[in-house]
Amino acid sequence: MIGGFSLKSFTYIFVIAILIWCSNFESCIARRGRHWRHNNNRAFSSSLMKKKVKNYGNHNNNGGGSNSKPKPKSPSSPKSTPPPYKITPSLPPRIPNPDYPPSPPTKGYNNGGSSSTTFNVLDFGAKGDGNCDDTKAFEAAWAAACKVEASTMVVPADYTFYVGPISFSGPYCKPNIVFQLDGTIVAPTNSKVWGGGMFQWLEFSKLVGITIQGNGVIDGRGSVWWKDQPYDDPIDDEEKLIVPLNHTMGKPPPMPVESELGVKMPGIKPTALRFYGSFYPTVTGITIQNSPQCHLKFDSCNGVLVHDVTISSPGDSPNTDGIHLQNSKDVLIYSSNLGCGDDCISIQTGCSNVYVHNVNCGPGHGISIGGLGKDNTRACVSNITVRDVNMHNTMNGVRIKTWQGGSGSVQGVQFSNIQVSEVQLPIVIDQFYCDKKSCSNQTAAVALAGINYEEIKGTYTVKPVHFACSDSLPCVDVSLTSIELKPVQEQYHLYDPFCWQTYGELKTPTLPPISCLQIGKPPNNRIQTDRDLC
């Protein structure tokens, strides 16, 4: 007995105290374990978020969430064939599928019914007989497809759809919509449909990941628009350099078709297919033909992909550029056949990181940068690569054209492995471009620097090289490597290479000798001002 307690009672109390103390210790350890696991799960979830893209919304990733949310990485270029430019880091990634371009639809595609993600224009009332107006059916099908991510709008084969001016627009459409074109879409030739004139016929605007693919045809039926040329529209200024021996001018464009009402079409001619303000637009497989004006245009787009496309219109169809780029970045064009009445590819102001390769051009006016600086505007073009191109029976080969009075710059241009056949003017820089009867002389000019020509070979019919640079701001860093150009025959009065205010380097001997190129830098080159810089 100790103080009224038996030894047995004391031992019992001591054991209970030990048990309580051990229970509290294990509870503490358990709490530490839960906290540790919670932190590790959060870190693991964060790492997963870096591999996924969720909640498409603001391109700046500031959609009201936590500031600690990791930003998705921009897509990287394939390691096997890296493009010769750097992808702009600020571009949003393709959402949500990193595979680019998206694969053709394999489920639910048929000529009759529709799955939950496939919307066939026939199911929305389109007739496809080439006569009935199917515009409203196309609008309804697009409205349904617009609401479904990675949906497919089907224009089925073996039908011809008469469609008026139409806009397939966002920005509230879901991303990665596929426009599956296997049939034929034809434009109206009724002047009343066009009112006072429109700048585009089929427009896709403010979309992410839009893809037009298939084996179908977009037919602008442009001959009803061309028949009033050459009286209304400007002509390509390089025609002044082409002087046939008999001093005759070319024949006017064909006039095979009258408009439906036999009246004159509007003065404003539409582009057949235009993309505006879109990220990662893709065009592949289709044919665009006989556009009233430009066939395919990208304006203010990023991440453009065009491949395995055919563009076709007569060589004398006026102002019918094949592919027109403006204010667009990170552009890849390859494996396409382009024949038209103007530039096969036209690269305008605001374009950078453009890569063109394995393209056939002809008929047409070649591949051009410009015209730039019209009406005293600033033009900025940089990092352009054109390589592995075949040109046959074109007015120009590779050309840079600018207006007097402009500002800004063209820099970092590479023309490589260009094969020319019966091309009138294979290599052209023209800083005195003018597409009207006369233009006033001005001292300001778009600055040209870092223009490289390599492996330009083949035959010409008028003049092998024409370099006409600004008096006040000469062209600098123009390099020529492995140039071999031979006259095809004496069909035209042939000229020697011409150079004016052009400075650079002959890295190898050329055929014919281009002795007019001035080696080095201009002695009194004007210092560039803020107006010149981009």
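Residues numbered from 1 in each chain as written. Predicted model: local features only at pLDDT ≥ 70, side-chain atom pairs only at ≥ 80, totals over all residues. Heavy atoms only, no water.

The protein appears in an unreviewed UniProt entry as Polygalacturonase from Arachis hypogaea. Looking at the protein in UniProt, the text filed under Sequence similarities (unreviewed entry) is "Belongs to the glycosyl hydrolase 28 family." (UniProt positions renumbered as here; feature names shortened; annotations may be inferred.)

**Student:** Which residues make up the overall build of the protein, and what values do they have?
**Tutor:** A tally of regular secondary structure across the protein gives four helices and 31 strands. In the protein, which comprises 534 residues, the share counted as buried stands at 48%. Once local pairs closer than 6 in sequence are excluded, the contacts in the protein between residues at least 24 apart make up 78%. Accessible area of the protein: about 25800 Å², with a carbon and sulfur share of 54%. (Helix = DSSP H or I, 4+ residues; strand = E, 2+ residues; numbered from the N terminus. Buried < 20%, exposed > 50% of the residue type's maximum accessible area, 1.4 Å probe, protein only. Contact = heavy atoms within 4.5 Å. Areas by Shrake-Rupley, 256 points an atom, 1.4 Å probe, with all protein chains shown as cover.)

**Student:** So what's going on with helix α2 (residues 135-145)? Residues and values would help.
**Tutor:** Along an α-helix, a turn takes 3.6 residues, which lines up residues three or four apart on a common side. Among the residues making up α2, those that are buried are T135, A137, F138, A141, W142 and A145. With its buried residues spanning 160 degrees around the axis, α2 presents them on a single face. (Arc of directions from axis to C-beta.)

**Student:** Run through the state of the cysteines, naming residues and quoting values.
**Tutor:** As used here, a disulfide is simply a covalent bond connecting the sulfur atoms of two cysteines. The full count for this structure, using the stated rule, is six disulfides. Bridging C380 to C534, the disulfide has an S-S length of 2.0 Å. A torsion of -90 degrees about the S-S bond marks the disulfide between C380 and C534 as left-handed. Linking C380 in strand β22 (residues 378-392) with C534 in the segment after β31 (518-519), this pair joins segments that are 154 residues apart in sequence. C380 sits in the partly exposed class, given a relative accessible area of 23%. Residue C534 is classed as exposed on the basis of its relative accessible area, which comes to 56%. There is a disulfide in this structure between C434 and C439, and the S-S distance comes to 2.0 Å. (Disulfide = S-S within 2.5 Å.)

**Student:** Describe in detail the packing of aromatic side chains, supporting the description with residues and values.
**Tutor:** For the structure shown, the criterion picks out 13 aromatic pairs. Taking the centre distance of 4.6 Å and the plane angle of 20 degrees together, the rings of F168 and F204 count as stacked. Remark: F204 occurs in strand β8 (residues 200-205) and F168 occurs in strand β5 (residues 166-169); sequence separation between them is 36 residues. For the pair formed by F168 and F204, the shared burial category is buried. Both rings, one in W403 and one in Y433, keep their centres 5.6 Å apart while their planes meet at 80 degrees; by these two values the pair is edge-to-face. With W403 in the loop between β23 (396-402) and β24 (407-423) and Y433 in the loop between β25 (425-430) and β26 (447-460), the pair connects residues that are 30 residues apart, well separated along the chain. Taking relative accessible area as the criterion, W403 reaches 8% and is therefore assigned buried. (Phe/Tyr/Trp six-rings, centres within 6.5 Å; stacked < 30°, edge-to-face > 60°.)

**Student:** Which residues make up the nonpolar core, and what values do they have?
**Tutor:** As a rule of thumb, soluble globular proteins bury nonpolar side chains together. F138 and Y453 are the most contacted members of the largest nonpolar core, which has 96 residues in total. Each of domain 1 (115-245 + 263-342) and domain 2 (367-533) accounts for three or more of the residues forming this core. Those residues in contact with Y453 that sit more than four places away from it in its chain are V398, I400, F415, I427, V428, I429, F467, V478, S479, L480, T481 and I483. (Core = buried A, V, L, I, M, F, W, Y, C linked by side-chain atoms within 4.5 Å. Domains from an automatic or database assignment.)

**Student:** Got a sec to walk through the environment of L533? Specific residues and values, please.
**Tutor:** One can find L533 in the segment after β31. Sequence separation between L533 and G408 is 125 residues; the distance between their C-alpha atoms is 5.3 Å.

**Student:** So what's going on with the side chain of S470? Residues and values would help.
**Tutor:** Mapped onto the secondary structure, S470 falls in the loop between β27 (465-468) and β28 (475-487). When its relative accessible area of 6% is taken as the criterion, S470 is described as buried. At a separation of 3.2 Å, a polar atom in the side chain of S470 contacts the side chain of S472. Among all residues touching S470, those that are not within four sequence positions of it are Q431, F432, T443, A445 and Q501. (Polar contact = N/O pair within 3.5 Å; in protein donor to acceptor, adjacent residues only side chain to side chain.)

**Student:** Got a sec to walk through the environment of F275? Specific residues and values, please.
**Tutor:** The topology assignment puts F275 in strand β11 (residues 271-276). Overall, the relative accessible area of 0% leaves F275 in the buried class. Each C-alpha atom of the pair F275 and L202 lies 8.8 Å from the other, and the pair is 73 residues apart in sequence. Among all residues touching F275, those that are not within four sequence positions of it are F204, I210, I212, P281, V283, L296, K297, F298, D299 and C301.

**Student:** Account for the environment of Q293, with residues named and values stated.
**Tutor:** Its place among the elements puts Q293 in the loop between β13 (287-289) and β14 (296-299). If we ignore the near neighbours within four places in the chain, the residues touching Q293 are K269, P270, N319, T320 and D321.

**Student:** Break down the sheet that holds strand β21 (residues 367-372) for me, citing the residues and quoting the values.
**Tutor:** Spatially, the 11 strands line up as an open sheet ordered β5-β8-β11-β14-β17-β19-β21-β23-β25-β27-β29, and their pairing is parallel. The open sheet has two edge strands with one neighbour each: β5 and β29 (498-500). Adjacent strand axes in the sheet meet at a mean angle of 15 degrees when their direction is disregarded. Where strand β19 (residues 345-347) lies against β21, three bridges are found, and the strand directions are parallel. (Pairing = 2+ DSSP bridges. Axes fitted to C-alpha atoms, helices over the stretch in contact; angles between N-to-C directions.)

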